[in-house]
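# Overview (structure and organization)
As a plain string of letters, each chain reads:
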Amino acid sequence: MTKLNLTRRETIKKIGGGAAILGAAALGMPSILSAADGPIKLGFLSGLTGLETILGETQLNCFKLAVSEINGSNGIGGRQVEFIVEDDQTTTKGAINKARKLINGDGVDATIGLIASLTHVAARSVTTPAKKLLMYSTYYEGEVCERYFKSTGQIPNQQIVPSVEWLTANEGKSTYIIGSDYVWPRKSADTIKAAMEAKGGKVLGAEFFPFGTQDFGPALDRVKAAKPDFVWMMCAGNDLFTFLKQYKSFGLSQQLFSQGLDDVVSGADPELTVGALSNQAYFMNIDNPQNVAFKKAYGDMFGADKPINAIGEAAYDAVYLYKLAVEKAGTTETEAVIDALGTVEFDAPQGHVSFASNGVMRSNSILARANAAGAWETVENYGQIDPIVTGCSL
Amino acid sequence: MSAYIPYFLNSLTLISILLLVSMGMAIIFGLMNVVNLAHGEFITIGAFTLVVVERVGGNFWLALIVAPVVGYIFGLILERVLIRRVYGNALHALLMTWGLSLILQQVIQLIFTANPQSIKGPFPGAISIFGENYPAYRLFLICFALAVFVVTVLVFKKTKFGLDLRASIQSPEMASVMGVNPAKINAHAFASGAALAALAGVLLAPLTAVTAYMGLNYLARSFFVVLIGGAGSISGVAAGSVLIGGLETFLSYQIPVTVAQAAVLILAIVILRFRPKGILPA
């Protein structure tokens, strides 16, 4: 015989709970009570402290903007979107721990975000074996071919290759590469070398520096001695600013190119970036109705003086593409959503976007120059380019 | 010959940077034996003092005077409120200052946002020295670091404050018997360390990204310099900076920088194995 353990406190609790459920039902919110139709949970994982803080903030803002717009207009297929923000501290350890927490602890339906490539490598080591969707919104070195990984930023054939073509035609045939010491600059340097050689050019030197490097003096001394036609820089996050400050002071006259420069970087200190070239999928100067509305909505939510960059815009696109895929699939079940992601299209601020069969988004390639006000002026617009990942078809 | 000039000046620049960020640490950790993990944030506070001074219409030179004062006052308050409760307990000091550094980083980020701050340093261009162009600001930094070092040594060796401080560190009981107030001396010593760190912050701002996290880059480095140079002696800081800065620059001309930094670390471990009190102990 089981003992009936009814106390007064328990009874009151139960009656109270029942009343709450009844009350909610009476107010016309029955959908919230059913688990399958509850809110859709997204995880946002990125570098909110540490090296990439400057970029993480904008990326998070764009993510929040997309979610708030979606929730304001009937959610995803009638379901509201909830999100959990986690900080990977721009470290592999942080990315792994927080990806685990989001997937196993919070049970998110998909994870969006990430900046430095070392964090996408780390996060994928969790999400891919767990068969959970990870959407990466930063331009990167490419070469990833995994069903559970989708990227909305540029890869080398959309960013580096067209830039090399322009630079070798207009600046000269030799370059010197300086970057931070991790996967993105190192792998990108290989691509740059191959692309330069294909155009009859040459990489005179490539040097990589640990995060937090305080003195680029010796490197700049060597750049000076090598006399390249232009300098290619891939320092990440805050180190990028350290490099720019020291580059100016050494009085180097060569054209500076970096695919890590965008409106957020130039907005923080226009004096440092003036005259530099970059290639991004999105600059704030893009002229179309979607971008006008996007910039206005962003300004209303976070302040009109806050610049937006490609990483942020691609995070915004990722949320919308996910929404369209879930609506098309009629479920948040990962396999169905991934299948649907390959078929949906979105009118993004950068233009009309969709995923190619390799899981990378078809995105713009715009070569631009920073002006004294920190804005970017288009030098050459290559339009939308299909991503190429050798041997990858998912 | 002229090829060696930039190399020589680059070595001096890195040595100066290390010297500046480690001097405050030499007092707080080296002399007072307080493991201060918020040392980097004292540097950050100095750099942000420059940001504020420039925003209200001042310039770099004014900040160079204001920042040490801000650092000193901040250090004094901190010592009175928190630090004095943890003297003699390294673990408590460690945890407390670590927590403090996290709080300071976040507060600075909340006030100034995550963006690196734009500042205007003096001497933006390069000047010709023996036929080689070298950034003028770096030359200024080298001279200024040397001056700060000389003044600090003089204060410690030649003033009553320096004498009292050294006495109360060697033997707090005996010093207080002789009429030295250790509580007061400690407070001023800690504040002086914070002031030196804040001064370093202003001087580094034109060379590096000014963000709430900038101090982290200097924390491990400055501990390292003080340990290698010899905890407890100001001249040890110079020895540590020259060894680490000189060697790192030399190696970075020969091998990849990441490897050079690792090699310097390994060498430091070897040195500490044979000279556990550092190169120039007190």
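About the criteria used
Residues numbered from 1 in each chain as written. Chains lettered and ligands numbered in written order. Predicted model: local features only at pLDDT ≥ 70, side-chain atom pairs only at ≥ 80, totals over all residues. Pairing = 2+ DSSP bridges. Helix = DSSP H or I, 4+ residues; strand = E, 2+ residues; numbered from the N terminus. Domains from an automatic or database assignment. Contact = placed C-beta atoms within 7 Å. Nonpolar A, V, L, I, M, F, W, Y, C, P; charged D, E, K, R; others polar. Axes fitted to C-alpha atoms, helices over the stretch in contact; angles between N-to-C directions. Core = buried A, V, L, I, M, F, W, Y, C linked by C-beta atoms within 7 Å. Buried ≥ 20, exposed ≤ 12 C-beta atoms within 10 Å, placed from the backbone. Parallel < 35°, antiparallel > 145°, perpendicular 65-115°, else oblique. Expected span 1.5 Å × (residues − 1). Left-handed = near helix turned anticlockwise from the far one by under 90°. pLDDT = per-residue confidence, 0-100.

### With respect to the pairing of strand S12 (residues 351-354) of chain A
All names here are of chain A.
- By the bridge criterion, four bridges tie strand S11 (residues 345-348) to S12 in an arrangement that is antiparallel. Bridge pairing links Phe346 to Val353 in S12.
- Hairpin remark: S11 followed by S12, antiparallel, with two residues in the connecting loop.

### A word on the domain arrangement of chain A
Residue and element names in this part refer to chain A.
- For chain A, the assigned domains read domain 1 (39-154 + 285-365) and domain 2 (157-258).
- Summarising the inter-unit geometry, the C-alpha centres of domain 1 and domain 2 are found 29 Å apart.
- At the interface, 16 residues of domain 1 touch 13 residues of domain 2.
- Counting only elements with at least two residues in the side of domain 1 that touches domain 2, the list comes to helix H3 (53-72), helix H5 (117-127) and strand S13 (363-370).

### With respect to the interface of chain B and chain A
- Each partner contributes residues to the interface: chain B has 29 residues there, and chain A has 28 residues.
- Elements that contribute at least two residues to the side of chain B that touches chain A include exactly helix H1 (4-31), strand S2 (132-135), helix H10 (234-252) and helix H11 (257-274) of chain B.
- When grouped by side-chain class, the residues that make up the side of chain B that touches chain A number 16 nonpolar, 13 polar and no charged.

### Structural notes on the sheet that holds strand S5 (residues 149-151) of chain A
Residue and element names in this part refer to chain A.
- Taken in spatial order, the five strands make up an open sheet running S2-S1-S3-S4-S5, and their pairing is parallel. Edge positions in the sheet fall to strand S2 (81-87) and S5, since each of these pairs with one other strand and no more. Each adjacent strand pair in this sheet contributes to an overall mean axis angle of 25 degrees, direction not counted.
- Here three bridges tie strand S4 (residues 133-136) to S5, and the two strands are oriented parallel to one another. Bridge pairing in S5 places Leu134 opposite Phe149.
- Packed onto the sheet, H5 meets strand S1 (40-46), strand S3 (110-113), S4 and S5 and runs at close to 165 degrees relative to S4.
- Sheet strands touched by helix H13 (residues 310-329): S1, S3 and S4. Its angle to S3, the strand with the most contacts, is close to 160 degrees.

### As for the nonpolar core
- Residues A:Phe63 and A:Val319 are the most contacted members of the largest nonpolar core, which totals 200 residues.
- Examining the composition of this core, we find that 16 residues originate from one element, H1(B), more than from any other.
- There are two domains that each give this core at least three residues, and those are domain 1 (39-154 + 285-365) and domain 2 (157-258) of chain A.
- Not counting the four nearest positions on each side in its chain, A:Val319 is found in contact with A:Phe63, A:Ala66, A:Val67, A:Ile70 and A:Ile112.

### Comments concerning the pairing of strand S10 (residues 277-280) of chain A
Residue and element names in this part refer to chain A.
- Side-chain alternation along S10 places Leu277 and Asn279 on one buried face and Ser278 and Gln280 on a second face that is also buried.
- Across four bridges, the pairing between S10 and S13 is antiparallel. If you follow Ser278 over to S13, its bridge partner there is Ala368.

### Some remarks on the packing of H3(A) against helix H12 (residues 289-302) of chain A
Residue and element names in this part refer to chain A.
- The interhelical angle for the contact between H3 and H12, taken along N-to-C directions, is 100 degrees, at an axis separation of 10 Å. One way to sum up the angle between H3 and H12 is to call them roughly perpendicular. When H3 is examined against H12, the residues Asn61, Leu65 and Glu69 are found in contact with a partner set consisting of Ala297, Tyr298, Met301 and Phe302.
- In terms of residue class, the contact of H3 with H12 is made up of five nonpolar, one polar and one charged.

### Describing H10(B)
- Look at H10(B): 27 Å from first C-alpha to last across 19 residues, which is about the 27 Å you get at 1.5 Å a residue.
- Against helix H8 (217-226) of chain A together with H1, helix H5 (136-158), helix H9 (216-229) and H11 of chain B lie the buried residues of H10(B).

### Re the packing of H1(B) against helix H2 (residues 39-55) of chain B
Residue and element names in this part refer to chain B.
- Running from N to C, H1 and H2 cross one another at 135 degrees; their axes reach a closest spacing of 10 Å. Taken together, the axes of H1 and H2 are oblique relative to one another. Here the hand of the crossing between H1 and H2 comes out right-handed. Residues Val21, Gly24, Met25 and Ile28 of H1 form the contact with H2, whose participating residues are His39, Phe42 and Ile43.

### Quick word on the confidence of the model for chain A
- Of all residues in chain A, 91% have pLDDT values of 70 or greater, and the mean over the chain is 91.
- In this model, residues 15-35 of chain A is a region of pLDDT below 50 whose contacts with residues beyond four sequence positions or in other chains number six contacts.

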